[in-house]
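# Survey of secondary and tertiary structure
Listed below are the residues making up each chain.
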Amino acid sequence: MVASSSSLKLQDLIQEIREAKTQAQEREVIQKECAHIRASFRDGDPLHRHRQLTKLLYVHLLGYPAHFGQMECLKLIASPRFTDKRVGYLGAMLLLDERQDAHLLITNSIKNDLSQGIQAVQGLALCTLSATGSAEMCRDLATEVEKLLLQPSAYVRKKAVLTAVHMIRKAPELSDIFLPPCAQLLHEHHHGILLGTITLITELCERSPAALKHFRKMVPQLVHILRTVVTTGYSKEHSISGVSDPFLQVQILRLLRILGRNHEESSETMNDLLAQVATNTDTSRNAGNAVLFETVLTIMDIRSAAGLRVLAVNILGRFLLNTDRNIRYVALTSLLRLVQSDHSAVQRHRPTVVECLREPDGSLSRRALELSLALVNSSNVQAMIQELQGFLESCPPDLQADCASGILLAAERFAPTKRWHIDTTLRVLTTAGTHVRDDAVASLTQLIGGAQELHAYSVRRLYSALAEDISQQPLVQAATWCIGEYGDLLLEGSCEETEPLQVEEEEVLALLERVLQSHMSLPATRGYALTALVKLSTRLRGDKSCLDVELQQRAVEYNTLFQKYDHMRAAILEKIPLVERGGSQVDEEAKESKETAQLSEAAPVPTEPQASKLLDLLDLLDGPSGDAQHPRPLDPTPGSALIHLLNLPCAPPPPAPIPNLKVFEREGLQLDLSFVRPPGTPTLLLITVTATNTSGGDVTHFICQAAVPKSFQLQLQAPSGDTVPAQGGLPMTQLLRILNPKKAPLRLKLRLTYNHFGQSVQEIFEVNNLPVEAWQ
Amino acid sequence: MIKFFLMVNKQGQTRLSKYYEHVEINKRTLLETEVIKSCLSRSNEQCSFIEYKDFKLIYRQYAALFIVVGVNDTENEMAIYEFIHNFVEVLDDYFSRVSELDVSFFSAVNQVFHSTWQRTG
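All values derive from a computational prediction rather than experimental measurement.

What counts as what
- Residues numbered from 1 in each chain as written.
- Chains lettered and ligands numbered in written order.
- Predicted model: local features only at pLDDT ≥ 70, side-chain atom pairs only at ≥ 80, totals over all residues.
- Heavy atoms only, no water.
- Helix = DSSP H or I, 4+ residues; strand = E, 2+ residues; numbered from the N terminus.
- Buried < 20%, exposed > 50% of the residue type's maximum accessible area, 1.4 Å probe, protein only.
- Contact = heavy atoms within 4.5 Å.
- Areas by Shrake-Rupley, 256 points an atom, 1.4 Å probe, with all protein chains shown as cover.
- Axes fitted to C-alpha atoms, helices over the stretch in contact; angles between N-to-C directions.
- Parallel < 35°, antiparallel > 145°, perpendicular 65-115°, else oblique.
- Left-handed = near helix turned anticlockwise from the far one by under 90°.
- Phe/Tyr/Trp six-rings, centres within 6.5 Å; stacked < 30°, edge-to-face > 60°.
- Buried area = accessible area lost by both parts, 1.4 Å probe.
- Salt bridge = Lys/Arg side-chain N within 4 Å of Asp/Glu carboxyl O.
- Polar contact = N/O pair within 3.5 Å; in protein donor to acceptor, adjacent residues only side chain to side chain.
- Nonpolar A, V, L, I, M, F, W, Y, C, P; charged D, E, K, R; others polar.
- pLDDT = per-residue confidence, 0-100.
- Pairing = 2+ DSSP bridges.
- Core = buried A, V, L, I, M, F, W, Y, C linked by side-chain atoms within 4.5 Å.

The next subject is the overall build of chain B. On a plain count of helices and strands, chain B comes out with four helices and five strands. When the elements of chain B are put in sequence order from the N terminus, they spell out β-β-α-β-β-β-α-α-α. Counting every position in chain B, which comprises 121 residues, the buried fraction comes to 56%. The long-range share in chain B, meaning contacts at least 24 apart out of those at least 6 apart in sequence, stands at 51%. Accessible surface for chain B amounts to roughly 5400 Å². Of this, 51% is attributable to carbon and sulfur atoms.

Counting through the fold element by element, P719 of chain A comes out in the loop between β7 (713-716) and β8 (732-739). Expressed as a C-alpha distance, the spacing of P719 of chain A and I703 of chain A, which sit 16 residues apart in the sequence, is 8.5 Å.

Let us look at the packing of helix α7 (residues 119-132) of chain A against helix α9 (residues 154-170) of chain A. The description of two helices packed together rests on the angle between their axes and the distance between the axes. All names here are of chain A. It is the contact of α7 with α9, at a shortest axis distance of 8 Å, that shows an interaxial angle of 15°. Viewed along their axes, α7 and α9 adopt a mutual orientation that is roughly parallel. Remark: the crossing between α7 and α9 carries left-handed chirality. Contacts between α7 and α9 pair Q119, A120, Q122, G123, L126, C127, L129, S130, A131 and T132 from the former with Y155, V156, K159, A160, L162, T163, H166 and M167 from the latter.

Glancing now at the packing of aromatic side chains. Per the counting criterion, the structure on display carries nine aromatic pairs over all chains. Look at Y329 of chain A and F49 of chain B: their rings are 5.4 Å apart centre to centre, the planes differ by 55°, and that puts the pair in the tilted class. Of this pair, Y329 of chain A sits in helix α18 (residues 325-338) while F49 of chain B is found in strand β3 (residues 49-52), placing the two residues in two different chains. Per residue, the accessibility class of Y329 of chain A equals that of F49 of chain B, and both read buried. By way of ring pairs, the aromatic residues Y329 of chain A together with F49 and Y81 of chain B are connected into one cluster.

Attention now goes to the interface of chain B and chain A. In many reports, interface size means the accessible area that the parts give up when they come together. Taken together, the 34 residues of chain B in the interface contact 45 residues of chain A. Interface area for chain B against chain A, summed over the two sides, is near 3700 Å², with a carbon-plus-sulfur share of 57%. At the junction of chain B and chain A, the tally comes to one salt bridge. Notably, a salt bridge pairs R367 of chain A with E51 of chain B, separated by 2.7 Å at the nearest N-O pair. For the pair chain B and chain A, the number of links is five residue pairs in polar contact (both at pLDDT 80 or more). At the level of elements, β3, α2 (77-95), α3 (100-105) and α4 (107-118) of chain B are the ones that each hand at least two residues to the side of chain B that touches chain A. At seven residues, α2 of chain B tops the list of elements feeding residues into the side of chain B that touches chain A. Its residues placed into classes, the side of chain B that touches chain A shows 13 nonpolar, twelve polar and nine charged.

What follows covers the pattern of salt bridges. Residue and element names in this part refer to chain A. If you walk through the whole model with that rule in mind, you get 17 salt bridges over all chains. Its salt-bridge partner being K75, residue E72 comes within 3.5 Å of it at the nearest N-O pair. Placement of both E72 and K75 in helix α4 (residues 70-78) is noted, with a separation of three residues, approximately one turn of the helix. According to the relative accessible area criterion, K75 is partly exposed, its value standing at 40%. Where D84 meets R81, a salt bridge forms, and the shortest distance between an N and an O atom there is 4.0 Å. With a relative accessible area of 4%, D84 lands in the buried category. Where salt bridges share partners, they join R254, R257, R261, E294 and D301 into one cluster.

A few words on the confidence of the model for chain A. Segments scoring low in pLDDT should not have their predicted coordinates read at a detailed level. Residues and elements named next belong to chain A. Within chain A, residue pLDDT values average 72, and 76% of them lie at 70 or more. The spread of mean pLDDT over the elements of chain A runs between helix α34 (residues 638-647), the lowest at 37, and strand β9 (residues 748-756), the highest at 86. For the stretch residues 1-6, pLDDT sits under 50, and the model shows eight contacts to residues farther than four places along the chain or on other chains. Confidence drops under a pLDDT of 50 for residues 566-655, and excluding neighbours within four residues, the segment shows 121 contacts in the predicted structure.

Attention shifts here to the confidence of the model for chain B. Residues and elements named next belong to chain B. Of the residues in chain B, 85% reach a pLDDT of 70 or more, and the chain-wide mean stands at 77. Across chain B, strand β5 (residues 65-71) holds the top mean pLDDT of 87, while α4 sits lowest at 58. Interface confidence in the predicted complex, given as ipTM, is 0.70; pTM for the same model is 0.58.

On the secondary structure map, R157 of chain A appears in helix α9. Non-local contacts of R157 of chain A, meaning those with residues more than four positions away in its chain, are made with L148, L149, Q151, P152, L185, E188 and I193 of chain A.

Residues and elements named next belong to chain B. Taken in spatial order, the five strands line up as β2-β1-β5-β4-β3 in an open sheet, and their pairing is antiparallel. Either end of the sheet is taken by a strand with one partner, and the two such strands are β2 (14-19) and β3. Across this sheet, the average inter-strand angle for adjacent strands is 20°, counted without regard to direction. Pairing of strand β1 (residues 2-9) with β5, which is carried by seven bridges, proceeds in the antiparallel orientation. Note on β5: the bridge partner recorded for F5 is V69.

With that out of the way, let us pick up the pairing of strand β4 (residues 55-62) of chain B. Residues and elements named next belong to chain B. Counting buried positions along β4 gives six out of eight residues, so the element sits mostly inside the fold. For β3 and β4, the ladder comprises four bridges, and the chain directions are antiparallel. Bridge assignment links Y52 to a residue of β4, and that residue is F55. The hairpin formed by β3 and β4 contains two residues between the paired strands, and K53 there has a positive phi angle of roughly 50°. Pairing of β4 with β5, which is carried by seven bridges, proceeds in the antiparallel orientation. Counted as the bridge partner of Y59 is V68 from β5. Hairpin connection, β4 to β5: the antiparallel pair is bridged by two residues, and A63 has positive phi, about 50°.

Residues and elements named next belong to chain A. Examined against the element boundaries, E203 turns out to sit in helix α11 (residues 191-207). Distance in space between the C-alpha atoms of E203 and S175 is 9.3 Å, their sequence separation being 28 residues. Leave out the neighbours within four places in its chain, and E203 touches V165, I168 and R169.

Turning our attention to the nonpolar core. Residues I110, M167, F178, F215 and L256 of chain A together with M7 of chain B are the most contacted members of the largest nonpolar core, which totals 174 residues. The contact partners of M7 of chain B, leaving out residues within four places of it in the chain, are Q13, T14, R15, L16, L65, F66, I67, F87, L91 and V103 of chain B. Ranked by size, the runner-up nonpolar core spans 34 residues in total, among them I687, L736, Y754 and F765 of chain A.

So, about the sheet that holds β9 of chain A. Residue and element names in this part refer to chain A. Ordered in space as β6-β9-β10, the three strands form an open sheet in which the pairing is antiparallel. If you trace the sheet from one side to the other, it starts and ends with β6 (699-707) and β10 (759-767), each paired once. Between one strand and the next, the sheet's axes are offset by a mean angle of 15°, whatever the strand orientation. Pairing of β6 with β9 involves seven bridges; the strand directions are antiparallel. Bridge pairing in β9 links I703 to T753.

As structure tokens, this is what we get:
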């Protein structure tokens, strides 16, 4: 191999590396070379040190470790030769970042070099300082740098300004030092220095409000500078495709933006200038567009005149129509920011925005989607949702989730009719079902539940959708729930809003069974399907016996499912109360199902003990209110218990309240009745009996029983307790469910037994003054 | 604020990389591969600004070389786009008809170049 590799030139090394055909070969070459370099460093050859370091730096650029070169950098920096210093500083910038311990050691060298007075050297030192200066270094050397800001050499001044910018970023407290020179630096003609100064001022203003105030006074000066730049003719040094120094223009505009934000006076000074820049810039090339974009951003941020804002929006509109996609992207981003404050102005460009939805470019379509969603309002909602749904069908999967949620949200806020809302939700679910948020199903069920007139319609639609496709989980869940609730409407056959759909019971059951068996269904979905089956079994007129058997089988499955997915149980059983449906209903169902599976006599149905006592009660009741009849106590057999339980359908949001009624008062014990008429079931009345005790003694063994006329059905649920503590303690409540199919006037008799003040009390009375709303 | 500046060729080899925030060495290669992947998969029809994690990528293709600049939200994308072109023009002037080879051979010199230019934000 090459013997004198210690003097291998960098070029040759690069050549060798490029000739390596594989990664392994390349590594070999580099390792060999590194070994030579290390040996050379150990030997301490000062003449060729810089060459070795250059090679090492190259190797570092390729990604190989080069930390052993750090000390060499220091040595090279300290050397008086310029070539050495150059390489040394370069190495320092690459190898000695802040995390290395040797970092601080270069501080002294830099200090010496800064005060040397040789431009190139000073330049190097400043460069390194600005690239890798740590906070401490900055603090130490700040005064040095400040002195250099006023040096006669433009080269040094420029570098010094850049270093100052870095220092401010690292150690903001140095802003005091750098504040005063700025004013003078603004008078520079050299664009490089000017650019650096503007950046410096921007950094200062961003970090300290005091600086901000100080520099506001300079707004006129800045305006003047910008104006000069804009109106100067072609200047060879600074022109980029016809625009003179767009970088400087952009930077000044950005600074003006910061200065004019929330400040009337400065904004006014800028108005003319901004208008001038906006209208005079040549937009045929990108450079011009860049300046125009920055102008628009500035107009949007400061307190500009209304005319100017309109101008800005129009410029953005023009951008949108441009064929260059970069410009369109930029326009969409800015319009998104504007839409909050100037909504109506942006609305004018809505058609173009919608066009952009169809772009094949991912970045553009995402922006267009966000903007379109922001532009939806009550007047254009139908058209927009139409477009968005078209987009949903064809958009890439990562955007689908956002799009679906966006559509659902917009539909919720602006839906003109309930039916349209249900339609839209349904369409979203069928198209992008797997990507919707979890609560979409819940909101759909709530929506359908609340729109009573649309029950038949929705169940029909959902059934047909389900029959086509059982793979989309949210859709399946919603559909099975709906079928469960309104299955009877489905089977009735006629409904004006869709074509007549003859559905047989077997079809419905078969479909639900398919859902259950399908391996694509989540446990939650199976839960829904089972619930639906159970509910349906009570409503269908078909063969009861076979349904009961099926029900038992299902219940066994339910059992095993629950054992397998016990953690899901809470979730499934909980979901239903979300919509204010009978959560207890499902619990009781589950209990009942289990009992059915065991095919044993029902365990104490809560109402059973009441039933027997009621019979006692009624023996006593043969007085004038004679027809206190046998309210059919709940049959202890499971099947019919289910029927009764399940026949009490669910209650959507509360109706107009019926006034409470105080029915009994004795020695501090008070009994109140409160009435609820769930609107979904006109024949049901829920009465809550509340017993409160304001006396000094507890009321114990409290039992309340009720009786109603023959045509009513009464169910007493278990009371919350049998003791009403004294002195206004926790009241006791008990729920009475009364079914009144004939809508006859309600009559209610109550019997109370309790112990109070050591005495046993028994009271029987009829409740008078029952409000009319309770039964009508 | 510019986060990084990369020159990567179509085969995925990095010709020049400058990071303005500390990124670990191994993370850098990962970053570069991902970035170049997203740039290579763009067609001519699409715009030059990509949203990547929490910053934006602005890229420009010159023959087989991609120049990619990563910026955060506050930058004017079009100005950076213009800046990339300016940089390439300077290289062109310096090397008279610059090519990828020049970039790989003179990368050390490039570094010095860089520091003077970059601070203009």
